[in-house]
Amino acid sequence: MKIGILTSGGDCPGINATIRGVCKTAIHHYGIEVIGIHSGFQGLLTKDTEVITRDSLSGLLNLGGTMLGTSRENPFKKNGVVSGVNKPALVERNVKELGLDCIVCIGGNGTTKTAALLAERGLNVVSVPKTIDNDIWGTDFSFGFDSAVSIATDAIDRLHCTASAHKRVMVIEVMGHKAGWIALYAGMAGGSDVILLPEIPYSIHHIGTAILDRLKRGKPYSIVVVAEGIHTDGRKRAGEYIAQEIEYETGIETRETVLGYIQRGGSPTPFDRNLATRMGGHATELIANGQFGRMIALRGNEITSIPLAETAGKLKLVTEDHDLVVQGRRMGVCFG
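As the structure is a prediction and not an experimental result, all values here were calculated from the model. (Residues numbered from 1 in each chain as written. Predicted model: local features only at pLDDT ≥ 70, side-chain atom pairs only at ≥ 80, totals over all residues. Heavy atoms only, no water.)

### Some thoughts on the nonpolar core
Next up, step 1: Counting 79 residues, the largest nonpolar core has I3, I5, I19, F143, V224, I242 and I246 as the members making the most contacts within it.
Next up, step 2: It is helix α5 (residues 145–166) that contributes the most residues to this core, eight residues altogether.
Next up, step 3: Excluding its chain neighbours within four sequence positions, the residues that come into contact with I19 are I5, T7, L57, L60, T66, M67, L68 and I106.
Next up, step 4: The next biggest cluster of nonpolar side chains, apart from the first, holds 24 residues, and it includes L45, A116, L123 and V125. (Core = buried A, V, L, I, M, F, W, Y, C linked by side-chain atoms within 4.5 Å. Buried < 20%, exposed > 50% of the residue type's maximum accessible area, 1.4 Å probe, protein only. Helix = DSSP H or I, 4+ residues; strand = E, 2+ residues; numbered from the N terminus. Contact = heavy atoms within 4.5 Å.)

### Some details on the packing of aromatic side chains
Next up, step 1: This structure, assessed with the given rule, holds five aromatic pairs.
Next up, step 2: Between the aromatic rings of F141 and F145, the centroid separation amounts to 5.9 Å while the plane-to-plane angle is 20 degrees, which identifies the pairing as stacked.
Next up, step 3: Judged by its relative accessible area of 3%, F145 is buried.
Next up, step 4: Between the aromatic rings of F141 and Y185, the centroid separation amounts to 6.2 Å while the plane-to-plane angle is 90 degrees, which identifies the pairing as edge-to-face. With a gap of 44 residues between them, F141 in the loop between β5 (125–129) and α5 and Y185 in helix α6 (residues 181–189) connect regions that are remote in the sequence.
Next up, step 5: Residue F141 is classed as partly exposed on the basis of its relative accessible area, which comes to 24%. (Phe/Tyr/Trp six-rings, centres within 6.5 Å; stacked < 30°, edge-to-face > 60°.)

### Overview of helix α9 (residues 270–288)
Next up, step 1: Spanning 19 residues, α9 covers 27 Å between terminal C-alpha atoms, matching the ideal 27 Å at 1.5 Å per step.
Next up, step 2: G290 occupies a position one or two residues after α9 and carries a positive phi of about 70 degrees. (Expected span 1.5 Å × (residues − 1).)

### Some details on the pairing of strand β1 (residues 2–7)
Next up, step 1: Counting buried positions along β1 gives five out of six residues, so the element sits mostly inside the fold.
Next up, step 2: Two strands pair when backbone bridges link them, and β1 and strand β2 (residues 33–37) are joined in this way by four bridges, in the parallel orientation. Across the sheet, the residue bridging to G4 is I35, located in β2.
Next up, step 3: As a crossover connection, the stretch from β1 through helix α1 (residues 15–30) into β2 is right-handed.
Next up, step 4: Sheet analysis places β1 next to strand β4 (residues 102–107), joined by five bridges and oriented parallel. Of the residues in β4, the one forming a bridge with T7 is I106. (Pairing = 2+ DSSP bridges. Right-handed = clockwise from strand over helix to strand, strands pointing away.)

### Concerning the sheet that holds strand β7 (residues 194–196)
Next up, step 1: Taken in spatial order, the four strands line up as β7-β8-β6-β9 in an open sheet, and their pairing is parallel. Since the sheet does not close on itself, it has two edges, and those belong to β7 and β9 (254–258), each with one partner. Averaged over neighbouring strand pairs, the angle between their axes works out to 15 degrees when direction is ignored.
Next up, step 2: Lying on the sheet, helix α7 (residues 204–216) is in contact with β6 (169–174), β7 and β8 (222–227); it crosses β8 at an angle near 155 degrees.
Next up, step 3: Seen against the sheet, helix α8 (residues 238–250) touches β6, β7, β8 and β9 and runs at an angle of roughly 170 degrees to β9. (Axes fitted to C-alpha atoms, helices over the stretch in contact; angles between N-to-C directions.)

As structure tokens, then:
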């Protein structure tokens, strides 16, 4: 048996650990040959590949990024590096010419949807959920999320010092266009006073009142965490907009910090290394058992899988009744 493996979409901590989990299990336990596909689906269209051996996998567990490279090339969209051809048909032809019995697709929502479309065309595909945003429907957590939360929480911890020293409001903008999971988890872990999420409407007047109430109680500084996808005037970044509005509302000096791509870099946390290893190994187990068209998922403490058709195109969003939102409000955190 021979399988291909690719990583698509944005990078995040834990991709290399997943590649290692898939390939070590395939080579060592099942005797499966593995072909690495470079630059995501772009490499599948151009047949840019390499044979992965045991030696290829040394030092990957704690390494950020992806040894295979990545891209946002989509074989079901006309635009991209490869154009002027029937890209789905080209993928099918290349898979056949490469002799691949299955493709392991490591990626986020876009990759999962593409994998589902390839499965509909009859290709054997298994998907592993990867995103720092933790917004893939069907899995409790995706690898990369814990690492991003740890990075954001460390930044919040550090900004507490500056906020306290200067008696300022510090606004920290974290990633999350449609889902506010990083803002919620890092904001709560970092002891934030205000947490703004794309899923929960907010009033700048309510936020200003909450900050002034803290001042009246002898708390001269506040920490505000915002997800990048919250509603703004459309002309400014979320952090900049909220910082300016808070300063106007309260008269308190306010500064913003944008963490940006720092959240995607560096070594994965121990939790993400182990989750990636487990997910990678389970993906190979599915392939060895002839179970295709599925996405690996973490449910509770167990690694399982669900049909790709069940998760493709869906987003997992924060809800008002989430435990951290409810408990945060009980503790006086302002969610808008």
